[in-house]
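Observations on the model geometry
So you can see what is in the structure, the chains are spelled out below.
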2 protein chains.
Amino acid sequence: MIYFDNAATTYPKPEVVYQAVNKCMREYCANPGRSGHKLSMEAGRVVLEARELLAELFGTKRSDNIIFGLNATDALNTAIKGLSNKGDHIITTSMEHNSVLRPLKQLESQEIETTIVRCSETGELNLAELEANIKSNTKMIITTHASNVTGTLMPIKEIGEIARRRKLLYIIDTAQTAGTYKLNVSDINVDVLTFTGHKGLMGPQGVGGFYIREGVALRQMREGGTGSSSDSLIQPEILPDKFESGTPNTPGIAGLAAGLKFIKEIGIEQIRKHEEEITSYFLKQLSEIDDIMVYGPQNMLKQAPVVALNIKTKTSAEVSFILDNQFDIATRPGLHCAPLAHQTIGTKGQGAVRFSFGYFNTVDEIDEAIRALKAIAKEECF
Amino acid sequence: MIYFDNAATTYPKPEVVYQAVNKCMREYCANPGRSGHKLSMEAGRVVLEARELLAELFGTKRSDNIIFGLNATDALNTAIKGLSNKGDHIITTSMEHNSVLRPLKQLESQEIETTIVRCSETGELNLAELEANIKSNTKMIITTHASNVTGTLMPIKEIGEIARRRKLLYIIDTAQTAGTYKLNVSDINVDVLTFTGHKGLMGPQGVGGFYIREGVALRQMREGGTGSSSDSLIQPEILPDKFESGTPNTPGIAGLAAGLKFIKEIGIEQIRKHEEEITSYFLKQLSEIDDIMVYGPQNMLKQAPVVALNIKTKTSAEVSFILDNQFDIATRPGLHCAPLAHQTIGTKGQGAVRFSFGYFNTVDEIDEAIRALKAIAKEECF
């Protein structure tokens, strides 16, 4: 199996991640931050280690401001709903995932206005258009860092500058970039940065979360046991407890810590360089095949290692099915939970076949994919 | 290490659970219900298997009505908040965990009234008192099945009958009982039954969820990508998708499926019998030691395998620390995130040392604990 579905979940993981999850499960999987016995202390230690590694990765010293939850969707719902009030206006882009668009749509029923700025056919955002949509009641801007359909990168530093200048909050969704792109919250004017553990951060599924800037007044989505201030019926305000009710996914967090250490060892620049090289190589080969339509910038300065394409008028589902069934190549067809992105790039009906690359993909695998695509384009397989 | 903190997280797990998590991580940890390639299909298959095993365990044929999330707290917040509206009145008991009490407290700020029925000193609920608190605007009753402090069982069948007769919703929190006690949603008049995977169900941390009765109008807490109706900005209404946005904890769910198969193989009656036997044995031995105060019913017909105790006026933290440090016995001191339960049993200041037993505990371990407690009571160790 050649796996090109890394934008959904990176696979495989580094060997150390498997080992860390297994060790946690077998040796110390008690409740962190609660009981206080040796197993519980060890569980607490590994959760703290993951928090500190993430803080370091995101360029902050405040590991308490790194919050763990279920996944990026969980984090985005917390951030979007916990910062919005009746009468507010929120701006986003047409390249967002449903994890941003659906919570915003839901808020409309609570008298919160939203504006979706339409991006170009390659998914690029016009900053002037973004700024022109700011109104007196605009509360925040929320954008992805990179589209999960075309890989198109958003100018997050420039958007952050606009937010700072216009006194708005800025939420960034880094599901497609954390672990591959340098993200320094001291350099970017970001209030909440959401992440997921199971993509570029190389951890297991079941862990996501966010960084929150100190002083940002965010309401929690869940109340419950935190192992702290147990005598109070009121949710504690201290971080990270305020946002971390209930038993966390300790084995998942242990695996994430191992993934973060792996990234630190290899170096984020090295990981990105490899992924950019194979993506560039793939784009170059694609450009030489007739009948293949490629979407997005097709330029590694402007996109993450994600490529969406179609072959003639074939449905994306058909192409992905043939790739899986006849060539043992895993891709993802359809709309990728981002309907407006497909509207933007003109593929709402057909969907697109998405190739998304990870650190463990190789040039040989790209060659195999190219051979397969050529065969499908020439109708040599059905 | 002797582990008596099973009410927090059961440990160890059956060997098959470790193997299932590891196999999932290494062999097929792609996104279930999304991409459609072989790895994704296999991930989807194991999630469906876990859903069907839970449906069978809870006595329903509707596996789509089994919903997965982060933990029991996540499920309880969804159920409590998603069923309540301004002006409603909700009844609960003083034996609840903060995962029930804190969301209810939070709702008070949204003009939702709550009544907390005080239980007896052993944690037992007076059904007449519960019913006497029903008012014209009462919307629902929410109770635990067993207290996480004293193990006291609530009469869930009778409460369900009251709810049915008075046309109220009933939510049951089974964090302490699912996997050990027979829970048949066809026999109990329950609208939402919340569970966690990492206690009696023998799965890993990071998975919890709920069963929802068909037709109950529950709002979701999160919107996002569901892999279904991707072209719509509106959260789909179909189950389980409505409540399962974002990538689930597939390895955790794979481990839970293995735990559920283990339970099915051993038999739930057999598991409970073993746990009741060692708890009875522990209670009997305790009754022969001077200076130990035991809380709760001290009767296995009335309690789950959880025992709270104190030694003279020693703080519970001190006793738990000595047990861990000098005897390698893991227990949990303090308030166990259930402040009103401690108020009810009279231990708000001192807390209590909680011994909670699991299927893998043995009589020999109980004997060791008894020896340790005797030594501490006689001041033979510090």
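Being a predicted model, the structure only gives us computed values, none of them experimental. Numbering of residues starts from 1 in each chain and follows the order in which that chain's sequence is written. To read the labels, note that chains go from A and ligands from 1, taken in the order they are written. Totals for whole chains, interfaces and linings use all residues, but because this is a predicted model, local features are given only for residues with pLDDT of at least 70 and pairs of side-chain atoms are given and counted only at 80 or more. The basis for every side-chain value is the complete set of non-hydrogen atoms in the structure, without hydrogens or water.

With that settled, the discussion passes to the pairing of strand β3 (residues 89–93) of chain A. All names here are of chain A. With respect to burial, β3 is a largely interior element, five of its five residues being buried. Burial classification: accessible surface area is computed with a 1.4 Å probe over protein chains only, and a residue below 20% of its type maximum counts as buried, one above 50% as exposed, and the rest as partly exposed. The helix count covers DSSP runs of H or I at least four residues long, the strand count covers runs of E at least two residues long, and both are numbered beginning at the N terminus. The alternating pattern of β3 places H89, I91 and T93 and I90 and T92 on opposite faces, both of which are buried. Paired strands, as defined in this entry, are two strands with at least two bridges between them according to DSSP. As paired strands, β3 and strand β4 (residues 113–117) are joined by five bridges and run parallel to one another. Considered in β4, the bridge of I91 is made with T115. Crossovers are described as right-handed under a simple rule: with the strands pointing away from the observer, the path leading from the first strand over the helix to the second runs clockwise. Once the chain exits β3 it traverses helix α4 (residues 98–108) before rejoining the sheet at β4, and the crossover so formed is right-handed.

The term salt bridge refers to a pairing of a side-chain nitrogen on Lys or Arg with a carboxyl oxygen on Asp or Glu at a separation within 4 Å. Evaluated as defined, the whole model comprises 59 salt bridges over all chains. For the salt bridge of R26 of chain A with E15 of chain B, the shortest nitrogen-to-oxygen distance reads 2.8 Å. Here E15 of chain B lies in helix α1 (residues 15–28) and R26 of chain A lies in helix α1 (residues 15–28), a pairing that spans two chains. Overall, the relative accessible area of 31% leaves R26 of chain A in the partly exposed class. Between E244 of chain B and R51 of chain B there is a salt bridge, with its nearest N and O atoms 2.7 Å apart. One end of the pair, E244 of chain B, is in the loop between β8 (208–212) and α7 (250–266); the other, R51 of chain B, is in helix α2 (residues 38–57), and 193 residues separate them in sequence. An identical accessibility class is assigned to E244 of chain B and R51 of chain B; each is buried. Salt bridges linked by common partners bring E42, R45, E49 and K261 of chain A together as one network.

Moving on: the sheet that holds strand β6 (residues 169–173) of chain B. All names here are of chain B. With mixed pairing, the seven strands of this open sheet are ordered in space as β2-β8-β7-β6-β5-β3-β4. Bordering the open sheet on either side are β2 (66–69) and β4 (113–117), each of which pairs with just one other strand. Mean inter-strand twist for the sheet, computed between neighbouring axes without regard to direction, equals 20 degrees. Across four bridges, β2 lies against β8 in antiparallel orientation. Residue pairing in the sheet places G69 in a bridge with G208 of β8. Axis angles are defined between N-to-C directions and span 0 to 180 degrees, where every axis is a line fitted to C-alpha atoms and, for a helix, only to the segment in contact.

Residues grouped as a nonpolar core are buried Ala, Val, Leu, Ile, Met, Phe, Trp, Tyr and Cys residues, joined through side-chain atoms within 4.5 Å. With 134 residues, the main nonpolar core has L54, F58 and F68 of chain A together with L54, F58 and F68 of chain B as its most contacted residues. Core analysis: the second largest hydrophobic core is formed by 29 residues, I2, L323, A369 and A375 of chain A among them.

Right, let's talk about the confidence of the model for chain A for a bit. Summary statistics for chain A give a mean pLDDT of 97 and a share of 100% for residues scoring 70 or more. Interface confidence in the predicted complex, given as ipTM, is 0.98; pTM for the same model is 0.98. Confidence of the predictor in every single residue is expressed as pLDDT, which spans 0 to 100.

When you line up the elements, E223 of chain B lands in the loop between β8 and α7. We call two N or O atoms a polar contact when they sit within 3.5 Å, provided that within protein one can donate a hydrogen and the other can accept it, with sequence-adjacent residues counted only if both atoms are side-chain atoms. Among the polar contacts listed, one links the side chain of E223 of chain B to the side chain of Q220 of chain B, at a separation of 3.0 Å. For this analysis, residues touch if any pair of their heavy atoms sits within 4.5 Å. Contact partners of E223 of chain B, with chain neighbours within four places excluded, come to T73, N77, K81, S99, R102, P103 and Q106 of chain A together with Q235 and S245 of chain B.

Let us now look at the interface of chain B and chain A. Facing 81 residues of chain B, the contacting portion of chain A comprises 81 residues. For the pair chain B and chain A, the summed buried surface comes to about 6,300 Å²; carbon and sulfur atoms form 55% of the total. Scanning the region where chain B abuts chain A turns up ten salt bridges. With a closest N to O distance of 3.2 Å, K38 of chain A and D324 of chain B form a salt bridge. Scanning the region where chain B abuts chain A turns up 40 residue pairs in polar contact (both at pLDDT 80 or more). The set of elements that each furnish at least two residues to the side of chain B that touches chain A consists of α1, α2, α3 (72–83), α4 (98–108), α7 and α10 (339–345) of chain B. At ten residues, α1 of chain B tops the list of elements feeding residues into the side of chain B that touches chain A. When its residues are assigned to classes, the side of chain B that touches chain A shows 29 nonpolar, 34 polar and 18 charged. Two parts placed together each lose some accessible area; with a 1.4 Å probe, that loss summed over both constitutes the buried area. In this count, Pro and Cys sit with the nonpolar residues alongside Ala, Val, Leu, Ile, Met, Phe, Trp and Tyr, while Asp, Glu, Lys and Arg are called charged and the others, Gly among them, polar.

Turning to the side chain of Q176 of chain A, a few remarks are in order. Residues and elements named next belong to chain A. Position of Q176 relative to the elements: it lies in the loop between β6 (169–173) and β7 (192–196). Since its relative accessible area comes to 13%, Q176 is described here as buried. Within the local environment of Q176, its side chain forms a polar contact with the backbone oxygen of A7, the two atoms lying 3.0 Å apart. Those residues in contact with Q176, other than ones at most four positions away along the chain, are A7, A146, S147, N148, K199 and V306.

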